[in-house]
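# Summary of structural features
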Amino acid sequence: MFKLTAKAVACALSLSVAGLVHAADPITIKFSHVVAENTPKGQGALMFKRLAEERLPGKVKVEVYPNSSLYGDGKEMEALLLGDVHIIAPSLAKFEHYSKAIQIFDLPFLFDDIEAVDRFQKSEGGQKLLASMQDKGITGLGYWHNGLKQLSANKKLVEPKDARGLKFRVQASAVLDEQFKALKANPRKMSFAEVYQGLQTGVVNGAENPYSNIYSQKMHEVQKYITESNHGLLDYMVITNTKFWEGLPADVRTELRSIMDEVSVEVNRLAYELNEGDKQRILAAGTTEIITLTPEQRAKWREAMQPVWKKFEGEIGADLIKAAQASNQK
Ligand code: LMR
């Protein structure tokens with residue numbers, strides 16, 4: 001009898017010690033992304049880590065893996081769904097297998113400027129998209145800007161006909177694929193980590209990126225021309241694994257949510273400046289001519305690319321497209 005009780009006590013003790021150790025263990029949150037640290041997303045991830053560890057000391061540890069060092073963009077979504085990584089922020093071009101409506105952000109010449117993008121993301125339609133993958137186990141936590149994309153190539157691109165026959169790297173997006181086909185160019189899907197080498201070796205002749213991605217990946221060193229086309233958007237949705245997120249202790253989840261909101265405001269405030277700074281750094285490097293389009297030239301690019309909208313209207317929804325267009329009005 002005594003023996004049994006002692007055993008029970010020992011067992012209870014060891015359980016409670018294990019419990020204590022467990023309670024003292026911080027929750028590890030892995031945040032993986034594919035860009036450099038000196039970019040809007042890179043800075044956002046570091047800001048999230050700093051604030052989370054400051055405000056939830058001992059409760060949360062955030063590990064940030066930049067530059068595709070943990071998962072490249074072919075694998076990060078799968079890793080999130082498996083719970084191997086907890087937060088990622090893919091560009092909005094990379095969601096087509098999970099939500100057709102999110103393809104809206106890839107439509108060329110949809111938004112006049114980043115303020116319009118901001119208004120749409122904050123609108124009812126934009127907010128609904130954050131929840132549109134809930135049934136797939138993905139929760140959207142917010143939008144982060146990078147910025148508008150510029151075309152780059154080793155050939156001067158002034159009018160759409162200049163792009164004919166060239167090979168362009170595209171993200172894994174049917175809309176972007178069609179956008180280059182509309183120019184009679186050859187799109188080639190390639191993961192972000194491969195772009196620099198693809199451009200360097202001539203596997204592709206050009207690409208489309210915001211200045212921050214061009215500069216931080218040194219793409220300007222292998223591209224003689226950048227056309228400031230501002231023809232499309234490269235923004236992110238910060239997402240988490242729904243099961244993981246809902247399994248967090250309520251106080252931790254609430255704090256992380258408010259940190260994420262704060263970080264999103266900050267990233268979105270910084271992104272434009274960062275891109276402008278990188279444009280200046282590219283100019284200073286002297287490797288690349290930046291071509292400014294006249295309104296007439298830019299109108300030709302719009303005319304050449306915009307027919308793509310019709311092809312995706314069915315999948316995206318005409319009403320959502322109208323709502324996004326309306327966000328161009330202040
Ligand atoms: C790209 O593949 O070009 C971008 O999505 C990379 C990024 O995350 O900014």
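Not measured: the values here are computed from a predicted model. (Residues numbered from 1 in each chain as written. Predicted model: local features only at pLDDT ≥ 70, side-chain atom pairs only at ≥ 80, totals over all residues. Heavy atoms only, no water.)

## Examining the environment of methionine 77
- Assignment of secondary structure puts methionine 77 in helix H3 (residues 76-82).
- Judged by relative accessible area, methionine 77 falls into the buried class, the value being 8%.
- Residues methionine 77 and lysine 59, spaced 18 residues apart in sequence, show a C-alpha to C-alpha distance of 26 Å.
- In this structure methionine 77 touches Ile88, Pro90, Lys94, Phe95, Tyr98, Ile138 and Ile239, once residues within four positions along its chain are discounted. (Helix = DSSP H or I, 4+ residues; strand = E, 2+ residues; numbered from the N terminus. Buried < 20%, exposed > 50% of the residue type's maximum accessible area, 1.4 Å probe, protein only. Contact = heavy atoms within 4.5 Å.)

## Notes on the side chain of aspartate 73
- Mapped onto the secondary structure, aspartate 73 falls in the loop between strand S2 (60-65) and H3.
- Among the residues examined, aspartate 73 registers a relative accessible area of 17% and is labelled buried.
- Only 2.4 Å separates the side chain of aspartate 73 from the side chain of lysine 94, close enough to count as a polar contact.
- Polar contacts involving the side chain of aspartate 73 include one to the main-chain amide nitrogen of phenylalanine 192, which spans 3.4 Å.
- Among all residues touching aspartate 73, those that are not within four sequence positions of it are Val34, Lys94, Ser191 and Phe192. (Polar contact = N/O pair within 3.5 Å; in protein donor to acceptor, adjacent residues only side chain to side chain.)

## Let's talk about the pattern of salt bridges
- A complete count under the given rule lists 19 salt bridges for this structure.
- Across the salt bridge formed by lysine 156 and glutamate 289, the nearest N and O atoms sit 3.5 Å from each other. Here the residue lysine 156 occupies a position in the loop between strand S4 (138-153) and strand S5 (167-170), and glutamate 289 occupies one in strand S9 (residues 289-292), the gap between them amounting to 133 residues.
- On the basis of relative accessible area, lysine 156 is assigned to the partly exposed category, the value being 39%.
- What emerges from the salt-bridge pattern is a single network uniting Glu159, Lys161 and Lys300. (Salt bridge = Lys/Arg side-chain N within 4 Å of Asp/Glu carboxyl O.)

## What to know about empty space enclosed by the protein
- One pass over the structure, following the stated rule, counts three cavities of 30 Å³ or more.
- One number sums up the size of the largest cavity: a volume of about 70 Å³.
- In terms of lining, the largest cavity is formed by 13 residues, of which the most central are Lys94, Gln171, Phe192, Asn213 and Leu234.
- A per-class count over the lining of the largest cavity returns six nonpolar, four polar and three charged. (1 Å grid on protein atoms, 1.4 Å probe; cavity = no way out; pocket = protein on both sides within 12 Å on 5 of 7 lines; lining within 4 Å. Points joined across faces, edges and corners; volume = space filled by probe spheres on them. Nonpolar A, V, L, I, M, F, W, Y, C, P; charged D, E, K, R; others polar.)

## Here we look at the site of the ligand
- In the region of the ligand, 13 residues are neighbours, and Lys41, Lys94, Arg169, Gln171 and Tyr236 sit closest.
- A distance of 3.3 Å separates an oxygen atom of the ligand from a polar side-chain atom of serine 91.
- Asparagine 213 places a side-chain nitrogen or oxygen 2.9 Å from an oxygen atom of the ligand.
- Against a free-state accessible area of 270 Å², the protein chains account for coverage of 100% of the ligand.
- The cavity where the ligand resides is the largest cavity.
- Counted by class, the shell around the ligand contains five nonpolar, four polar and four charged residues. (Near = heavy atom within 4 Å. Areas by Shrake-Rupley, 256 points an atom, 1.4 Å probe, with all protein chains shown as cover. Sits in = over half its atoms within 2 Å of the grid points.)

## A word on the pairing of strand S7 (residues 206-209)
- Burial of the side chains of S7 extends over both faces: Gly206 and Glu208 are buried on one face and Ala207 and Asn209 on the other.
- Bridging between S4 and S7 involves four bridges; their strand directions are antiparallel. Within the sheet, the bridge partner assigned to serine 152 lies in S7 and is alanine 207. (Pairing = 2+ DSSP bridges.)

## Some thoughts on the layout of surface pockets
- Approximately 650 Å³ is the volume attributed to the largest pocket.
- Of all the secondary structure elements, the ones that give two or more residues to the lining of the largest pocket are helix H4 (114-122), helix H5 (124-130), S4, strand S8 (225-241) and helix H10 (250-285).
- Counting residues per element, the lining of the largest pocket draws most heavily on H10, which supplies 11 residues.
- Taken together, the residues of the lining of the largest pocket sort by class into 10 nonpolar, 11 polar and 10 charged.
- What the second largest pocket holds in volume is close to 290 Å³.
- Together, 16 residues line the second largest pocket, and Asp73, Gly74, Lys94, His97 and Ala172 are the ones closest to its centre.
- By residue number, the principal contributor to the lining of the second largest pocket is H3, which donates three residues.
- Of the residues contributing to the lining of the second largest pocket, the split by class is six nonpolar, four polar and six charged.

## As for the packing of helix H2 (residues 40-55) against H10
- H10 packs onto H2 with a crossing angle of 150° between their chain directions and a minimal axis gap of 9 Å. Comparing their axes, H10 and H2 come out roughly antiparallel. At the point where H2 passes H10, the crossing takes the right-handed sense. Residues Pro40, Gln43, Gly44, Met47, Phe48, Leu51, Ala52 and Arg55 of H2 touch H10, and the partners they reach there are Glu255, Leu256, Ile259, Met260, Glu262, Val263, Glu266, Val267, Leu270, Ala271, Leu274 and Asn275.
- Taken together, the residues that form the contact of H2 with H10 break down as 13 nonpolar, three polar and four charged. (Axes fitted to C-alpha atoms, helices over the stretch in contact; angles between N-to-C directions. Parallel < 35°, antiparallel > 145°, perpendicular 65-115°, else oblique. Left-handed = near helix turned anticlockwise from the far one by under 90°.)

In short, the description is geometric, and any link to function would need to be established separately.
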